[in-house]
Amino acid sequence: MSAVLGPERPQVVSHVQQALSYTVFDCKWVPRSARLMCLGSAARGTGVIQLYELHGARLEVLREIEKPKPIKCGTFGATSLQQRYLATGDFDGNLNIWNLEAPEIPVYSVKGHKEIINSIDGVGGLGIGEGAPEIVTGSRDGTVKVWDPRQNDTPVANMEPVQGESKRDCWTVAFGNAYNQEERVVCAGYDNGDIKLFDLKTMSLRWETNIKNGVCSVEFDRKDINMNKLVATSLEGKFHVFDMRTQHPTKGFASVSEKAQKSTIWQVRHLPQNRDIFMTSGGSGSLHLWKYEYPAQRSKKDSEGSEMGVAGSLSLLQNVTLSTQPISSLDWSPDKKGLCVCGAFDQTVRVLIVTKLNKI
């Protein structure tokens, strides 16, 4: 690992801090707007959806909605830019889709899992990528399910432990490879360190590995391109970057790993305007900004003549400690480069500005 120094180094500036009266589990920018959502759990055990608008150096509450169950995660990824519906997963295993203009009753609702939905991702919406709008959910019940909101109660794909295999808590899910109408994959990370890549075209397990620590977050650098890179973060402060362009028949994908800190890395999010820059959020209340550098050649032939990938290197662009509690959620604005929101367990949401991203 190398660190980028000097005047060109990006700075992470805390622009607005907003104290919350509840525990925030996820925060998301509303696409094509200066608005953001906070999702979480009130002290009395109900769910909270809060909509804010950014006005200069302050956040204004536009709407606060209470729901019966605490809300763990959300995504806009399977909706159109016209509708901008929010899909959420809650502590009771429910998948709901909300029209934020009329949020009293969900526009789509299904009892998706027997236990909490830990993670959710969407693809095929917002005019990004190809193929049907779909939502993937990962749960403590050990299953990963893919939903098409245009179809009623049954998932279009259900990845669950095979007979005799113990069920593992699925902590994180992400779509990728959605570059045409047919191709699509789901990556899932589990509490025992397993990472599984499911091919939705062939409905098969395409690849699996184990990183020896619970997998907290996985994300492809882009959902809507031929698989390029995947970052997986873990409990013990380590993360792994896999080069997903070349899959070796036995060795799988080449990877580089980095120990960012001593505590859990809760999330990873790639900069929407530059797929080689990403931010990790930590259990120590810190954020680390990274850049991936490609090797001179991304693949080589092994002694048998099979193509195998070559991993690149990582440089730390900046790190900052913002909170005494874990930063559990993180989202870049898709529209304004360097604008970022994060939620921490100190019951604070922070809007951040990352400078000089054009210079790297």
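All of these numbers come straight from a predicted model, not from anything done at the bench.

**Regarding a positive patch on the surface**
A contiguous patch of positive charge, built from Lys-212, Lys-238, Lys-259 and Lys-262, is present on the exposed surface. Along the chain, the position of Lys-238 falls in strand β21 (residues 238-243).

**Some thoughts on the sheet that holds strand β6 (residues 58-67)**
Strand order in the open sheet formed by 4 strands is β3-β4-β5-β6, with antiparallel pairing between adjacent strands. Each of the sheet's edge strands pairs with one partner strand only, and the pair in question is β3 (23-29) and β6. Sheet twist, expressed as the average angle between the axes of neighbouring strands with direction ignored, equals 20 degrees. Direction of pairing for strand β4 (residues 35-41) relative to strand β5 (residues 47-55): antiparallel, over a ladder of 7 bridges. Opposite Leu-39, over in β5, you have Ile-49 as the bridge partner.

**A few points about the UniProt feature "repeat: WD" (unreviewed entry) in the chain**
As recorded in UniProt, the feature "repeat: WD" (unreviewed entry) lies at residues 135-157. In this annotation, residues 135-157 is assigned 0% helix and 43% strand; the end-to-end C-alpha distance for the span is 10 Å.

**Some remarks on the pairing of strand β12 (residues 134-139)**
Of all 6 residues in β12, 6 are buried; the element is thus mostly enclosed. Where β12 and strand β13 (residues 144-147) come together, 4 bridges link them in antiparallel fashion. Residue pairing for β13: Val-136 is matched across the bridge by Val-146. Counted along the chain from β12 to the antiparallel partner β13, the turn is 4 residues long, and its residue Gly-142 has a positive phi close to 90 degrees.

**Concerning the sheet that holds strand β19 (residues 215-220)**
Taken in spatial order, the 4 strands line up as β19-β20-β21-β22 in an open sheet, and their pairing is antiparallel. The outermost strands of the open sheet, each flanked by one partner alone, are β19 and β22 (255-259). Direction aside, the axes of adjacent strands within the sheet are offset by 15 degrees on average. Of the strand pairs in this sheet, β19 and strand β20 (residues 229-234) are connected by 5 bridges, and their pairing is antiparallel. Directly across from Val-218, in β20, lies its bridge partner Ala-232.

Procedures and definitions
- Residues numbered from 1 in each chain as written.
- Predicted model: local features only at pLDDT ≥ 70, side-chain atom pairs only at ≥ 80, totals over all residues.
- Heavy atoms only, no water.
- Patch = residues over 30% accessible without salt bridge, like charges linked within 9 Å, V, L, I, M, F, W, Y side chains within 5 Å.
- Areas by Shrake-Rupley, 256 points an atom, 1.4 Å probe, with all protein chains shown as cover.
- Salt bridge = Lys/Arg side-chain N within 4 Å of Asp/Glu carboxyl O.
- Lys, Arg positive; Asp, Glu negative; His and termini not counted.
- Charge placed at Lys NZ, Arg CZ, Asp CG, Glu CD.
- Helix = DSSP H or I, 4+ residues; strand = E, 2+ residues; numbered from the N terminus.
- Pairing = 2+ DSSP bridges.
- Axes fitted to C-alpha atoms, helices over the stretch in contact; angles between N-to-C directions.
- UniProt positions renumbered as here; feature names shortened; annotations may be inferred.
- Buried < 20%, exposed > 50% of the residue type's maximum accessible area, 1.4 Å probe, protein only.

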